[in-house]
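Each chain is listed here by its residues.
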Amino acid sequence: MTQNTKKLNAAREAIKYVQPNCILGVGTGSTVNFFIDALADIKDKIKGAVSSSVASTERLKALGIKVLDLNDVESFDIYVDGADEINHQMDMIKGGGAALTREKIVAAVAKSFVCIVDDSKVVDVLGKFPLPVEVIPMARAYVARELNKLGGQAVYREGCVTDNGNHILDVHGLAITDPKELEKQINAIAGVVTVGLFAKRGADVLIIGKEAGVEVIK
């Protein structure tokens with residue numbers, strides 16, 4: 001079974017969590033693209049969607065799904081998104097697609113976070129995937145120095161500008177044993193917009209596409 005097939009199976013399983021006449025939060029990335037495509041069959045039952053990126057917004061609109069401004073939505077039931085890494089406590093690293101800030105905002109508003117991944121994304125300790133940090137451009141060098149003091153190596157993601165007009169630093173070489181504390185530390189650095197650690201607000205449901213099928217963890 002290919003990795004894309006595992007992603008597709010996880011995405012299709014997540015469709016079961018979409019209730020009629022709901023407002024749906026939608027994330028960003030390759031696995032989420034499979035989920036958005038699967039929404040085509042039930043799009044008439046969806047009241048609207050809140051999107052975490054320009055790319056997902058365009059994909060939703062192409063299906064005829066109304067995309068709402070988050071400022072106009074007080075709350076919604078579920079947010080479906082992927083992860084670059086997730087541990088068994090449902091803490092995640094996100095931001096490989098540079099949409100981490102908007103993803104974190106949408107996740108904060110959602111009542112439930114459904115994470116869809118293939119089994120290669122599940123780890124015991126976070127950090128093998130470089131940790132993305134979105135930064136204000138003028139603070140990039142300063143933030144990199146502060147991140148290096150935490151034991152990693154911050155590398156500027158050249159040519160990447162986020163939907164918010166900011167830059168990304170990817171921190172290599174971390175073994176993240178206390179994700180919540182590290183999230184707090186990095187977010188406190190002046191110039192950081194947000195860090196791609198989703199630990200304070202982790203996943204509520206994890207759907208894993210595996211060789212033998214789909215595993216759902218709550």
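The structure under discussion appears in the preceding block.
## Description of the sheet that holds strand β7 (residues 131–135)
Working step 1: Sheet architecture is open: four strands sit in the order β8-β9-β7-β10, paired in antiparallel fashion. A strand with exactly one partner marks an edge of an open sheet, and here the two such strands are β8 (153–156) and β10 (192–195). Sheet twist, expressed as the mean angle between neighbouring strand axes with direction ignored, is 30°.
Working step 2: Bridge count for β7 against strand β9 (residues 167–172) is five bridges, and the pairing is antiparallel. Considered in β9, the bridge of Val133 is made with Leu169.
Working step 3: Set on the sheet, helix α4 (residues 100–109) makes contact with β7, β9 and β10; between it and β10 the angle comes to about 65°.

## Observations regarding the packing of aromatic side chains
Working step 1: According to the stated counting rule, one finds one aromatic pair in the structure shown.
Working step 2: Here the aromatic rings of Tyr79 and Phe113 are separated by 5.0 Å at their centres, their planes lie at 55°, and the arrangement is tilted. Taken together, the residues Tyr79 in strand β3 (residues 76–81) and Phe113 in strand β6 (residues 110–118) connect sequence positions 34 residues apart.
Working step 3: For Tyr79, a relative accessible area of 0% gives the class buried.
Working step 4: Between the NZ or CZ atom of Lys104 and the centre of the ring of Phe198, over which it lies, the distance is 5.0 Å.
Working step 5: A cation over a ring is seen here: Arg140 above Tyr156, with NZ or CZ 3.9 Å from the ring centre.

## Quick word on the layout of surface pockets
Working step 1: The calculated volume of the largest pocket comes to roughly 250 Å³.
Working step 2: Lining the largest pocket are 18 residues; nearest its centre among them are Thr28, Gly29, Ser30, Ala83 and Asp84.
Working step 3: Looking at the lining of the largest pocket, the elements with two or more residues in it are α2 (30–38) and β6.
Working step 4: Considered class by class, the residues forming the lining of the largest pocket number four nonpolar, eight polar and six charged.
Working step 5: Considered as a void within the structure, the second largest pocket measures approximately 150 Å³ in volume.
Working step 6: Of the residues forming the lining of the second largest pocket, the biggest block, three residues, is contributed by α4.
Working step 7: For the lining of the second largest pocket, the class distribution of residues is six nonpolar, three polar and two charged.

## Brief notes about the nonpolar core
Working step 1: Core analysis: the biggest nonpolar cluster contains 25 residues, and Val18, Leu24, Val26, Phe35, Leu39, Val80 and Ile116 have the highest contact counts within it.
Working step 2: Those elements that provide at least two residues to this core are α1 (3–14), β1 (22–26), α2, β2 (46–51), β3, β6 and β12 (205–210).
Working step 3: Ignoring sequence-local partners within four residues, the contact set of Phe35 consists of Ala11, Ala14, Ile15, Val18, Leu24, Val26, Val80 and Ile116.
Working step 4: Ranked by size, the runner-up nonpolar core spans 21 residues in total, among them Val143, Val171, Leu182 and Leu197.

What counts and what doesn't
- Residues numbered from 1 in each chain as written.
- Predicted model: local features only at pLDDT ≥ 70, side-chain atom pairs only at ≥ 80, totals over all residues.
- Heavy atoms only, no water.
- Pairing = 2+ DSSP bridges.
- Helix = DSSP H or I, 4+ residues; strand = E, 2+ residues; numbered from the N terminus.
- Axes fitted to C-alpha atoms, helices over the stretch in contact; angles between N-to-C directions.
- Contact = heavy atoms within 4.5 Å.
- Phe/Tyr/Trp six-rings, centres within 6.5 Å; stacked < 30°, edge-to-face > 60°.
- Buried < 20%, exposed > 50% of the residue type's maximum accessible area, 1.4 Å probe, protein only.
- Lys NZ or Arg CZ within 6 Å of the ring centre and 35° of its normal.
- 1 Å grid on protein atoms, 1.4 Å probe; cavity = no way out; pocket = protein on both sides within 12 Å on 5 of 7 lines; lining within 4 Å.
- Points joined across faces, edges and corners; volume = space filled by probe spheres on them.
- Nonpolar A, V, L, I, M, F, W, Y, C, P; charged D, E, K, R; others polar.
- Core = buried A, V, L, I, M, F, W, Y, C linked by side-chain atoms within 4.5 Å.

The analysis is restricted to geometry; functional conclusions fall outside its scope.
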